[in-house]
Amino acid sequence: MSLLFILDYILLYSGFFNFIFWEGDWAAIQAHERFPLLFILICAHVVVFVCSLIWSIIEYILPRIPIYIMAYNSGYSKPWLVFVPYGKTYVSLILPFVEYSYLGWIKTYNRQTVFWIYFALDMLESIATLILGYIPLFGRLLSLAYKVGKKMIHYSEYKDLLKLYNYNESASWVAGIGIIFPFVYWIYLFLACRKEPEFGYDNYYNPYIPNEYDK
């Protein structure tokens, strides 16, 4: 990206763009000494755009595949929700049948409510950033607070989902690392989706969770 910036800078301040605008003659433009640099710059921008687009698609789809498999194997009726905006978070939150705990402060079994709180935080962050973002320090601190709040929601979400697939010992540290380095969590998701959930295959709506009386 820095190389593209340098090439853009050279062409911008060399007067070549002004020459293109006023000349308008393709033959004259091709004959200009700066034309090879322009051609390289255009190709570089196209390559960067295509690579960015491909990576964005991979980054969007890749972590959703194992969660889709988890939801499908558990018997959840709408596993395709993971591919719509916010759907991955929603499905990840509702799959485990355990009490959701937000850092031990807020606890609830209604995990759908947690999702709507997350959704509201995301919307409020966008609105607050738009309105208060012009206040340098306050806007940045507010945006940071919203981001941290959402990260903490993800922490419990990741931990509970991993525990559903019996990663009890590693769930906490994987979730903690995963909110900073998502690819670590992705690896564990792909490992987990090959296993049977705690309540068994196809039992999402009729869960059977072993307890101490079954031992």
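Quantities reported herein were computed from a predicted structural model and do not represent experimental measurements. (Residues numbered from 1 in each chain as written. Predicted model: local features only at pLDDT ≥ 70, side-chain atom pairs only at ≥ 80, totals over all residues. Heavy atoms only, no water.)

Trainee: Hey, could you run me through the packing of aromatic side chains in this one?
Mentor: Two aromatic rings, taken as a pair, are described by how far apart their centres are and by the angle between their planes. In this structure the tally under the stated criterion is eleven aromatic pairs. A centroid spacing of 5.2 Å and a plane angle of 80° characterise the contact between tyrosine 90 and phenylalanine 115, whose relative ring orientation is edge-to-face. A residue pair is termed long-range when its members are at least 10 positions apart, and tyrosine 90 in helix α6 (residues 87–94) and phenylalanine 115 in helix α7 (residues 111–132) qualify at 25 residues. When its relative accessible area of 17% is taken as the criterion, tyrosine 90 is described as buried. Phenylalanine 115 sits in the buried class, given a relative accessible area of 6%. A centroid spacing of 5.0 Å and a plane angle of 70° characterise the contact between phenylalanine 115 and tryptophan 116, whose relative ring orientation is edge-to-face. Three or more aromatic residues joined by ring pairs make a cluster, and in this case those are Tyr86, Tyr90, Phe115, Trp116 and Phe119. Seen from the ring of tyrosine 60, arginine 64 lies directly overhead, with NZ or CZ sitting 3.7 Å from the centre. Sitting over the face of the ring of tyrosine 167, lysine 195 holds its NZ or CZ atom 4.3 Å from the ring centroid. (Phe/Tyr/Trp six-rings, centres within 6.5 Å; stacked < 30°, edge-to-face > 60°. Helix = DSSP H or I, 4+ residues; strand = E, 2+ residues; numbered from the N terminus. Buried < 20%, exposed > 50% of the residue type's maximum accessible area, 1.4 Å probe, protein only. Lys NZ or Arg CZ within 6 Å of the ring centre and 35° of its normal.)

Trainee: How should I be thinking about the environment of serine 77 in this particular structure?
Mentor: Topologically, serine 77 is positioned in the loop between α5 (64–74) and α6. Classification of serine 77 by relative accessible area gives partly exposed; the value is 48%. Serine 77 sits 128 residues away from tyrosine 205 along the chain, and the two C-alpha atoms are 9.2 Å apart.

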